[in-house]
Every structure is written in C-alpha cells, then in structure tokens.
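Residues per chain, in single letters:
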Amino acid sequence: MEKLTQHNYWTIIATGLIAFVLSGIWYSPMVFGEIWETYRNPPNPEIPRWTMAFGPLRELIVAYVLAKLTLLLNLSQYKDTLKLVFLLWISFHAVGMVGAILWDHMQWQLGAVHAGDWLMKMTFMGIVLTKWLNKKSISLKNQ
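Reading the values: the criteria
Residues numbered from 1 in each chain as written. Predicted model: local features only at pLDDT ≥ 70, side-chain atom pairs only at ≥ 80, totals over all residues. Heavy atoms only, no water. Salt bridge = Lys/Arg side-chain N within 4 Å of Asp/Glu carboxyl O. Buried < 20%, exposed > 50% of the residue type's maximum accessible area, 1.4 Å probe, protein only. Core = buried A, V, L, I, M, F, W, Y, C linked by side-chain atoms within 4.5 Å. Helix = DSSP H or I, 4+ residues; strand = E, 2+ residues; numbered from the N terminus. Contact = heavy atoms within 4.5 Å.

## Concerning the pattern of salt bridges
What the rule picks out here adds up to four salt bridges. Residue Arg40 pairs with Glu37 through a salt bridge whose shortest N-O separation is 3.1 Å. Under the relative-accessibility criterion, Glu37 is labelled partly exposed at 36%. In this structure, Glu59 and Arg58 form a salt bridge, with 3.6 Å as the shortest nitrogen-oxygen distance. Judged by its relative accessible area of 0%, Glu59 is buried. Each of the salt bridges in this network shares a partner with another, and the network as a whole consists of Arg58, Glu59, Asp117 and Lys121.

This is the structure:
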C-alpha cells in the first residue's frame, strides 16, 4: 500500500481548498444562494469574516480522510471511489441534514442545499484524489 507523501499532502490541500471555492459558488446567487438566504433562520445576520479563515478546515479534513481511505482500500477506479463517497455522504451528511430537518425544524429546502453541497464537494474530491493518488500506478502499468 502506498503511503501519503509530501507531494500528496499538497494535492490534498489543493483539493480541499478548491472544494471550498466550489462551495462558495454553490451558495452564490448563480446557483443556490437565493434558496439558502430564503430558508436560513431569520434574521439572516452577516457572516463574520473570521469564519472564512476556519471554513476550509472542513474540506481539508474530508480531503485528507478521502485520500487515506482511497489508499487503505486500494481504490483505483472512479466507480469504486464514487460508491465510497456516496456511502460516506449518505451516512453522515444526508442523515445529519435529515436529523436537522426532523428535530431542529430546518426547512427541507435548506437541508437539501447543504446536503447537495457536500455531495458535490465529496464527488469532486473523490475523483481528483483517486486520479492523483493512482497516477504513479497508472504510469507504471503503461510501461
């Protein structure tokens, strides 16, 4: 089993940061920003700027865990990684949003936007990390 190298850590960091940017687009008025603003608990206060410094940590943690699982499970095919991503997403993010809808009175539309954001990000991270972490083994197979 291949271990994470310093080179792979930069890939994980880049993947996590790009996923954070993709999330910003997801919540923009071009995509789902209007639904997000409509269904957030009123009043919708301005989001403090300092939270943006900590926001990407979530994506960085998920990118790291996906990279570790990709290596531990020896995933080299996109379809296998996407199955794992879907299982992780439904087990944690989707179920968490359903809990928030049932017990915290979150509007289902808001829960769907949040859950969809994580499905999109995790799919992106899974594909990129599978391709990158298997780059070396792919090039060895072609020789």
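After presenting the structure, the write-up continues.
## Looking at the nonpolar core
Counting 28 residues, the largest nonpolar core has Leu66, Met122, Met125 and Leu129 as its most contacted members. Contributions of two or more residues to this core are made by α1 (6-26), α4 (56-72), α5 (78-103) and α6 (108-133). No other element matches α6, which puts eight residues into this core. Discounting residues that sit within four places of it in the chain, Met122 has contacts with Val62, Leu66, Val85, Leu88, Trp89 and His93.

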